[in-house]
Amino acid sequence: MPGRRATPRRRRPFLVALVATLGSLVGIAAVIAVVASVFVGGLARSYDRESDTIAEPFPTGTRPATTDGAENILLIGSDSRKGLAQQGDTAAGGRSDTLMLAHVPADRKAVYLMSIMRDSWVDVPGHGNAKINAAYSWGGIPLTVQTVEQLLDVRIDHVAEIDMRGFGAVTDALGGVTVQSTQDFTARGHHFTVGANRLDGDAALAFVRERYAFADADHTRVRNQQAFMRGIVDGVLSKGTMTDPGRIQDFVAATSGYLAVDPGLDFRTIAGLGWSLRGVRPADLQTFTMPTAGGGTSADGQSYVAVNTVAVQALSSALRSDDLGRWLQENPQ
């Protein structure tokens, strides 16, 4: 794959980059505050030893300017579909299955997590208009980063992805995750009800991957992914996790064992960012979706999600000025 070092144990990662990165950003610092320095040193060695480094994560050439004090982290999830097609998910292999942008403002009072619909019809540099997830297939992580930077006109400071095999492990390392479902549905042998659902790893994977059960398909799936992220943050910051060194260690091991990050996103960087977010609580994680404008069909017959260009321009301005909270107040979802 262009842009990353091949390893024998990890191929194309999936959604849980979200879990791994945000869980670390919001949770690891609080962990540091309550465990001994020797234990933290062990966590650091485990993270840096077990996580992979993406050799060339960023595009070459001109890129957007950085936003003073803020951090933009692109979370990429993909999988090779090995062993999954029989479960009813037949999306093309080698494409980014999930894209999220984590925006950490300079004041560190919140974390904003924006989903980008994988079928969003955008300009992929060097290839023309296509679904945004095709960028990963054509040019790996660097082209995916370049496509998102061009779309939003903001610089990506860090990038992370994780193998879907780690999805269940991360969930189970927390002793399960509670999510809020907006509807009843059944997926891959699991039934979910309206309201709170306590999930183990297998159920969590079914919850975030299902789309065929919904009239609006990926739109509800994205909302479920966001609900899962809120559940992960709740679990990481819970008293049961914070006071249990064994669970902390299990979480870090489950996270880093399947994680691939850019060279700058090592344990020291994550811990420092997490420490700066020590005042953040679960309610401070704000999730939303990049504005869309209905659907369309390409000249070659592809169904896609149209981008709301005007709204995205305003969103881009808010990201660059580090004023995303105001934009969300003016554009509630």
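Scroll up for the structure.
Residues numbered from 1 in each chain as written. Predicted model: local features only at pLDDT ≥ 70, side-chain atom pairs only at ≥ 80, totals over all residues. Heavy atoms only, no water.

**A look at the side chain of serine 120**
Item 1. Along the polypeptide, serine 120 turns up in the loop between β4 (111-116) and β5 (121-124).
Item 2. In this structure serine 120 comes out as buried when scored by relative accessible area, which is 1%.
Item 3. Looking at serine 120, its side chain comes within polar contact range of the main-chain oxygen of methionine 117, at 2.8 Å.
Item 4. Sequence-distant contacts of serine 120, defined by excluding residues within four places in its chain, comprise Ala130, Lys131, Ile132, Met290, Val305 and Val307. (Helix = DSSP H or I, 4+ residues; strand = E, 2+ residues; numbered from the N terminus. Buried < 20%, exposed > 50% of the residue type's maximum accessible area, 1.4 Å probe, protein only. Polar contact = N/O pair within 3.5 Å; in protein donor to acceptor, adjacent residues only side chain to side chain. Contact = heavy atoms within 4.5 Å.)

**Quick word on helix α3 (residues 134-152)**
Item 1. Here α3 contains 19 residues, and its C-alpha end-to-end distance of 17 Å is more than 12% below the 27 Å for a straight helix at 1.5 Å per residue.
Item 2. Where burial is concerned, most of α3 is hidden: 14 out of the 19 residues are buried.
Item 3. Positive backbone phi, approximately 55°, marks aspartate 153, located one or two places after α3. (Expected span 1.5 Å × (residues − 1).)

**A closer look at the pairing of β4**
Item 1. Within β4, six of the six residues are buried, leaving the element largely enclosed by the surrounding structure.
Item 2. Neither face of β4 is open: one carries Val111, Leu113 and Ser115, the other Tyr112, Met114 and Ile116, and all of them are buried.
Item 3. With five bridges connecting them, β4 and strand β13 (residues 285-289) associate as parallel partners. In the strand pairing of β13, serine 115 is matched with threonine 289. (Pairing = 2+ DSSP bridges.)

**Considerations on the pattern of salt bridges**
Think of it this way: side chains of opposite charge can pair up when their charged atoms draw near.
Item 1. Applying the stated criterion across every chain, the model contains nine salt bridges.
Item 2. Notably, a salt bridge pairs arginine 118 with aspartate 218, separated by 3.2 Å at the nearest N-O pair. Of the two residues, arginine 118 sits in the loop between β4 and β5 while aspartate 218 sits in helix α6 (residues 218-236), which places them 100 residues apart along the sequence.
Item 3. Residue arginine 118 is classed as buried on the basis of its relative accessible area, which comes to 9%.
Item 4. One salt bridge connects aspartate 119 with lysine 131, and the closest N-O pair in it is separated by 3.9 Å. Within this pair, whereas aspartate 119 is found in the loop between β4 and β5, its partner lysine 131 is found in strand β6 (residues 128-131), the two being separated by 12 residues in sequence.
Item 5. A network of salt bridges, in which partner residues are shared, links Arg118, Asp218 and Arg221. (Salt bridge = Lys/Arg side-chain N within 4 Å of Asp/Glu carboxyl O.)

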